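Structure assessment
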Amino acid sequence: ASEEFYNMSSEVHGICLIINNFNFEKARQNSPECETMKNRTGTEKDKKSLSEVFSKLGFRVEVKNDLDGNEIFETVRSYSMKNYENNDCFICCIMSHGNKGFVYGTDGQCVSIKKLTSCFCRSSCHSLDGKPKLFFIQACQGSETQKCVPAESDACNASNDTNVTKGDLIPGEPDFLLGMATVLHCLAFRDPNEGSWYIQSLCKELIANYQR
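From a predicted model like this one, the values you see are computed outputs, not experimental measurements.

This part is about the packing of aromatic side chains. Here the structure, examined in full by the defined rule, presents ten aromatic pairs. Where F120 meets F135, the ring centres are 5.8 Å apart and the plane angle is 70°; that geometry is what we call edge-to-face. Of this pair, F120 sits in the loop between helix 4 (113-117) and strand 7 (133-138) while F135 sits in strand 7; the two residues are 15 residues apart in sequence, bridging distant segments of the chain. The interplanar angle of 15° and the centroid separation of 6.4 Å between the aromatic rings of F135 and F176 together place this pair among those described as stacked. With a gap of 41 residues between them, F135 in strand 7 and F176 in strand 9 (residues 176-180) connect regions that are remote in the sequence. Taken as a pair, F135 and F176 share a single burial class, namely buried. Put simply, the rings of Y79, Y84, F90, F120, F135 and F176 pair up and form one aromatic cluster. The cationic tip of K82 hangs over the ring face of Y79; the distance from NZ or CZ to the ring centre is 4.9 Å.

Below is the structure:
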């Protein structure tokens, strides 16, 4: 195989972990700041699309629904402790509300994206050394609005007083890819009926262009 490409020859390429947060009732009850945090209608369609696409691409899909902040971190950390010697790749998809540099648990607790991706550093996850670690995140990363048609946002009282850079999101190591639904400082949008624009577009492109 060419050194320009990753080895993807395993029968099962690896695990695709999907964290799908829909119900934010606990967050609304726990914090006045989260009173406007809606349930994420349309996310079930995203979960279904991701599950179908990555199953077709040769991944074992594992779904975790409605995780609070601590559960998000502990789930991701537990997956970083698995043995991936017989796998080619690891994928993590997180769909939730968010703000600059973090995603929300269903209890309104913030979880740093950098903290999650760092679980898969070489020092923490030896069996994925030299293998791609892909993170796809559907969540707002601020409160600014790019021109678009009206839709629901995946944010809760997003503020503009935090400076976040790419280096604050993924480790300074090779083999990491972070795909975000929006650029830093901006809202991400989700259609309550059709799912999020980012996840649906991602799935469409993967199916149209993959080769096995």
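The next subject is the environment of L184. The topology assignment puts L184 in the loop between strand 9 and strand 10 (189-191). Residue L184 is classed as partly exposed on the basis of its relative accessible area of 22%. Placed 41 residues apart in sequence, L184 and S143 show a C-alpha to C-alpha distance of 9.4 Å.

Let's shift gears to the side chain of T106. In this structure, T106 sits in the loop between strand 5 (102-104) and strand 6 (110-112). Owing to a relative accessible area of 4%, T106 belongs among the buried residues under this scheme.

Conventions and cut-offs
Residues numbered from 1 in each chain as written. Predicted model: local features only at pLDDT ≥ 70, side-chain atom pairs only at ≥ 80, totals over all residues. Heavy atoms only, no water. Phe/Tyr/Trp six-rings, centres within 6.5 Å; stacked < 30°, edge-to-face > 60°. Helix = DSSP H or I, 4+ residues; strand = E, 2+ residues; numbered from the N terminus. Buried < 20%, exposed > 50% of the residue type's maximum accessible area, 1.4 Å probe, protein only. Lys NZ or Arg CZ within 6 Å of the ring centre and 35° of its normal.

That's the geometry; what it means functionally is another story.
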